[in-house]
Amino acid sequence: TADEVGLFELDGRVLSSSSIREALATGDLTWPHAALGRRYGVDGEVVAGAGRGKGLGYPTANLRTWPRLLLPGQGIYAGVAELQDGSRYLAAIDVGTNPTFGTEPLHVEAFLLDFADDELRGDTLTVEFWERLRDEVKFDSVDALIAAIADDVERTRTVVTLPS
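Residues numbered from 1 in each chain as written. Predicted model: local features only at pLDDT ≥ 70, side-chain atom pairs only at ≥ 80, totals over all residues. Heavy atoms only, no water.

**Digging into the pairing of strand β4 (residues 61-64)**
Note on strand geometry: in a regular strand, side chains alternate between the two faces of the sheet.
1) Next: Summarising the sheet, strand β3 (residues 40-47) and β4 pair through three bridges and their orientation is antiparallel. Within β4, the residue paired with Val46 across the bridge is Leu63.
2) Next: For β4 and strand β7 (residues 107-112), the ladder comprises three bridges, and the chain directions are antiparallel. Counterpart to Asn62 in the pairing with β7 is Glu109. (Pairing = 2+ DSSP bridges. Helix = DSSP H or I, 4+ residues; strand = E, 2+ residues; numbered from the N terminus.)

**Some points on the confidence of the model for the protein**
Detailed conclusions should not be drawn from predicted coordinates in areas where pLDDT is low.
1) Next: In the predicted model, the protein carries a mean pLDDT of 93, and 99% of its residues have values of at least 70.
2) Next: Element-level pLDDT for the protein is lowest in strand β1 (residues 9-10), with a mean of 86, against a maximum mean of 98 in strand β5 (residues 75-82). (pLDDT = per-residue confidence, 0-100.)

**Digging into the side chain of His107**
1) Next: As for its placement among the helices and strands, His107 is situated in strand β7.
2) Next: A polar atom in the side chain of His107 sits 2.9 Å from the backbone oxygen of Gly96.
3) Next: At 3.0 Å, the side chain of His107 forms a polar contact with the side chain of Glu109.
4) Next: When sequence neighbours within four positions are dropped, the list of residues in contact with His107 reads Asn62, Asp94, Val95, Gly96, Thr97 and Asn98. (Polar contact = N/O pair within 3.5 Å; in protein donor to acceptor, adjacent residues only side chain to side chain. Contact = heavy atoms within 4.5 Å.)

Structure below.
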């Protein structure tokens, strides 16, 4: 015999993989956090990027992710990056195409705040998304981009708190 199991609801919303995917596609992290019972995160191998972040004063860990991996909507996020050894760092995260420098394939890159080492290539990194900070936009100048990144970093410090 088969028994029908009704849809499970949480706070009046149907709990389903579709509802989580739809929320993530728009950059909504609140529903996935509630539905999953944890922050949404992705992991991937850290690979070489274009090297621009380091030149701007914000070196990023560029993640190689699986092509079918669900990423949050394009934008800038505050979150946490966890290294293979379990150490965790605040992270300003870009899910985007770097429009200020032309168009690149959609990717994930994270600037780890207060991270002393600048070499993670080959390591696996997990990135948790805590809050969407803003849309990814094309800036008229590199100086305007650097100012926006500095603001993203400061906002990340206010949004994310790690246990001492």
